[in-house]
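Here's the letter readout for the chains.
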Amino acid sequence: MILVFVETDASGATEVSREAVTFARTLSAAGGGVPIDAVLVGPSAADLPGVVQSLGSHGVRRVHHVTGDAFGAYSGAAWASAVQGVRATAASVVVMAAGTPRGMEVLAHLAARAGVAMAANVTSFGGLSPFTVTRQVVGGAALEEMQLDQRPAVFTVAGHAVEAAPADQPVDAELVESSPEVSADDLRARVVSSDPAPPDEAGGLKSARVVVGAGRGAGSSEGFADLVELTDLLGGSLGVSRVVTSLGWRPHHEQVGQTGVRISPELYIPCGISGAIQHWAGCSSAKTILAINTDAEAPMVTKASYAVIGDLHEVVPAINAEIRRRRGA
Amino acid sequence: MGASVLVCVKRVVDSSGEVVLTEDAQAVDGRFAGFTTSAHEECAVELAIQAAASTEGSAAVLTIGEAEAVEQLRTALALGCTSATHVVADSSRLGPADVAREIAAVVRDHAATGESHDLVLLGNDAADSGDFQVGIRLAYELGWPVVNGVSTLAVEGDEVVASGEGPDGRETYRVSLPAVVTVLEGGVEPRYPGVPGRLKAKKILIEERELAAEPAGPKRVRLLLPPAQPSDVQILGTGAEAAPAVVDLLETLGVLAR
Ligand SMILES: Cc1cc2nc3c(=O)[nH]c(=O)nc-3n(C[C@H](O)[C@H](O)[C@H](O)COP(=O)(O)OP(=O)(O)OC[C@H]3O[C@@H](n4cnc5c(N)ncnc54)[C@H](O)[C@@H]3O)c2cc1C
């Protein structure tokens, strides 16, 4: 059996978890129709019957829901113990999750306990014997073919490696509830308090429809005035490159990229950003990219759908003026 | 007594430019790109130095890798770490389980000689291999608790209080020492080494070790480069003259709300 660790938010099973389940169907087919189970740990803000039905439509046969006092507050070790429990009773040969911080952490605990390898950020599956996967390394600048010859094969799926899609044959998924015991050792490191992020921080950037990006080309902390004005005119959020945060021009919570926020706006307007792979890792899900750069050969320009070649300190004020003009202000 | 913090760093290829593979496709070729310390670990070093300073304790640094990785150790020493250990090894032979086992061996040997580390800090994941598991595997080797992906921490008595971004906001952990904590970039500004620090660092004797056990290795078949995407960018114009075309596009995309 293939076991997928699934995360939920208020809307149900998260998109990246449904991507992981979609990926699992590839393995299932290669194995001649191996059943897919899902495991959810802890209280969920989502409507549970809705989650079960949606996972069924994605091809999941059984949804194991693990709850109890031990799983109220997050603990990587306790959650891994819950997943391990389900795996043992259902004899899964593969355990997988979306490559989110939680997915990575829970599966790394599981792999360490089981004494098997784990592959992080898998993008494709190569074959069953030997069991081979391809995964992103160097922040996505290179790929690694890796063998997972121990059982269970443990891996996480890179975000957007596949598109979440319902199965051709939906399943009437069964819900299985359990509340296993957890050892005191597994509860030594657990969340003691959780404060919702201030709305002006990462949250806004993550969900913005338009993001105006700024990199080294902004030139200095004073060089952001026109970029901030464009952001305001478009009702969007400002996102920056790592150079900008390292130089202290803008705060880290505005950083887009591998070690910053991952954005997926309708439109991303990177200004004076070269498009290094680590930055690209955070913005590649943008629907449309309009790059503004002095260098027509910059990777950000060649990867964009649209570009303006020029100095952002000339181009951006002209765009702002044109927007104001058309608005009659 | 002050906290004894051990921070682990990894020498990685600076991949901000073009990435080139070695001929045998087993590694990224760093000859042209240069090398650096993993980004998360620069922050881990800063947190280690701060934790040591605030408790009047000490920060030691450890790396496992090629002879040249001594450069990463010297940098950490110049910043304020006061001792360093170098497990000299061909890093391409090591998988995450090997690295965790080697760090654990150092922690145990240091304890046997009277230097019991209270806190081991690592990067959440290395910039090159991106394995996301060395800290967790180390915690199992040592039988210690582990907190992952935090960006701030403070040692308070015999506990470490650490916090990072969770799915619903800022999460805080309070864990008894000894413990393992893995760090994500963003909570602190790493300091730069000054000249006096560099001079002092040169004089510190670095403990050199060999691998404690034969590595089981990564399960790597080979590395490949992602296929190059053909560019189909549409150039809207050059300089300020492009503004009307840009605003037309904004209107077409429907992002120019009034
Ligand atoms: C482990 C690791 C993690 C990383 N994580 C991230 C991350 O999360 N996010 C991130 O962004 N980076 C990250 N980086 C850094 C990344 O590799 C690049 O160094 C960084 O993205 C470059 O920022 P930049 O494009 O602003 O600057 P540069 O690479 O210096 O590019 C500046 C660009 O601006 C253009 N330009 C200059 N002046 C002007 C002007 N007046 N008008 C218009 N264009 C102009 C230039 O042509 C150039 O294309 C990471 C690196 C590592 C090693």
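Note that this is a predicted model, so its numbers are computed, not measured.

This next bit is on the overall build of chain B. Check the secondary structure of chain B and you find 6 helices and 14 strands. Relative to its full complement of 258 residues, chain B shows a buried share of 51%. Taking the contacts inside chain B whose residues are at least 6 apart along the sequence as the reference set, 70% of them involve residues at least 24 apart. When the accessible area of chain B is evaluated, it comes to approximately 11800 Å², of which 52% is carbon and sulfur surface. The average position of the 20 basic charges and that of the 38 acidic charges among the side chains of chain B differ by 5 Å.

Looking now at the interface of chain B and chain A. Between chain B and chain A, the contact holds 69 residues from the first and 72 residues from the second. Of the roughly 6000 Å² buried at the junction of chain B and chain A (both faces included), carbon and sulfur atoms supply 57%. Where R135 of chain A meets D131 of chain B, a salt bridge forms, and the shortest distance between an N and an O atom there is 3.0 Å. Those elements giving two or more residues to the side of chain B that touches chain A turn out to be helix 1 (39–54), helix 4 (134–142), strand 7 (146–150), strand 10 (169–176), strand 13 (220–224), strand 14 (234–238) and helix 6 (243–252) of chain B. The element contributing the most residues to the side of chain B that touches chain A is helix 6 of chain B, with 8 residues. Note that strand 9 (residues 142–147) of chain A and strand 13 of chain B share 4 bridges and pair antiparallel. The residue bridging E144 of chain A from the neighbouring strand is L223 of chain B, located in strand 13 of chain B.

Now for the packing of helix 3 (residues 76–90) of chain A against helix 4 (residues 101–114) of chain A. Residue and element names in this part refer to chain A. Contact geometry for helix 3 and helix 4: axes closest at 8 Å, N-to-C directions at 65°. Between helix 3 and helix 4, the angle is such that the two are roughly perpendicular. The handedness of the crossing between helix 3 and helix 4 is right-handed. The residues of helix 4 that touch helix 3, namely those facing G76, A77, W79, A80, S81, V83 and Q84, are E105, V106, H109, L110 and R113. Class assignment for the residues of the contact of helix 3 with helix 4 results in 6 nonpolar, 4 polar and 2 charged.

Turning to the site of the ligand, a few remarks are in order. By nearness alone, 28 residues border the ligand, and R216, S241, S274, Q278 and N293 of chain A come closest of all. This site is not confined to one chain, since residues near the ligand come from chains A and B. At 3.3 Å from a nitrogen atom of the ligand is found a main-chain nitrogen or oxygen belonging to T294 of chain A. About the coverage of the ligand: the protein hides 84% of its 980 Å² of free accessible area.

Either a parallel or an antiparallel arrangement is found when strands of a sheet pair, and the pairing is made through backbone hydrogen bonds. Residues and elements named next belong to chain B. The 7 strands are arranged 7-11-6-1-4-5-12 in an open sheet whose pairing can be described as parallel. The strands lining the two open edges of the sheet, one partner per strand, are strand 7 and strand 12 (206–209). Shown here is a sheet whose adjacent strand axes are inclined to one another by a mean of 20°, direction ignored. As paired elements, strand 6 (residues 119–123) and strand 11 (residues 179–183) share 5 bridges and run parallel to each other. Across the sheet, the residue bridging to L119 is A179, located in strand 11. Seen against the sheet, helix 2 (residues 70–79) touches strand 1 (4–9), strand 4 (58–65), strand 5 (83–88) and strand 12 and runs at an angle of roughly 170° to strand 5. On top of the sheet, helix 3 (residues 96–112) reaches strand 1, strand 4, strand 5, strand 6 and strand 12; it is set at about 140° to strand 4, its chief contact.

Right, let's get into the sheet that holds strand 16 (residues 288–293) of chain A. The strand order across the open sheet built from 6 strands is 14(A)-13(A)-15(A)-16(A)-17(A)-14(B), with neighbouring strands paired in parallel fashion. The outermost strands of the open sheet, each flanked by one partner alone, are strand 14 (237–240) of chain A together with strand 14 of chain B. Recorded for the sheet is a direction-independent mean angle of 20° between the axes of neighbouring strands. Sheet topology note: the strand 13 (residues 210–214) of chain A/strand 15 (residues 267–271) of chain A ladder contains 5 bridges and is parallel. Bridge pairing in strand 15 of chain A links V211 of chain A to Y268 of chain A. Contacts from helix 6 (residues 225–233) of chain A reach strand 13, strand 14 and strand 15 of chain A, with the element oriented near 175° to strand 13 of chain A.

Calculation criteria
- Residues numbered from 1 in each chain as written.
- Chains lettered and ligands numbered in written order.
- Predicted model: local features only at pLDDT ≥ 70, side-chain atom pairs only at ≥ 80, totals over all residues.
- Heavy atoms only, no water.
- Helix = DSSP H or I, 4+ residues; strand = E, 2+ residues; numbered from the N terminus.
- Buried < 20%, exposed > 50% of the residue type's maximum accessible area, 1.4 Å probe, protein only.
- Contact = heavy atoms within 4.5 Å.
- Areas by Shrake-Rupley, 256 points an atom, 1.4 Å probe, with all protein chains shown as cover.
- Lys, Arg positive; Asp, Glu negative; His and termini not counted.
- Charge placed at Lys NZ, Arg CZ, Asp CG, Glu CD.
- Buried area = accessible area lost by both parts, 1.4 Å probe.
- Salt bridge = Lys/Arg side-chain N within 4 Å of Asp/Glu carboxyl O.
- Pairing = 2+ DSSP bridges.
- Axes fitted to C-alpha atoms, helices over the stretch in contact; angles between N-to-C directions.
- Parallel < 35°, antiparallel > 145°, perpendicular 65-115°, else oblique.
- Left-handed = near helix turned anticlockwise from the far one by under 90°.
- Nonpolar A, V, L, I, M, F, W, Y, C, P; charged D, E, K, R; others polar.
- Near = heavy atom within 4 Å.
- Polar contact = N/O pair within 3.5 Å; in protein donor to acceptor, adjacent residues only side chain to side chain.

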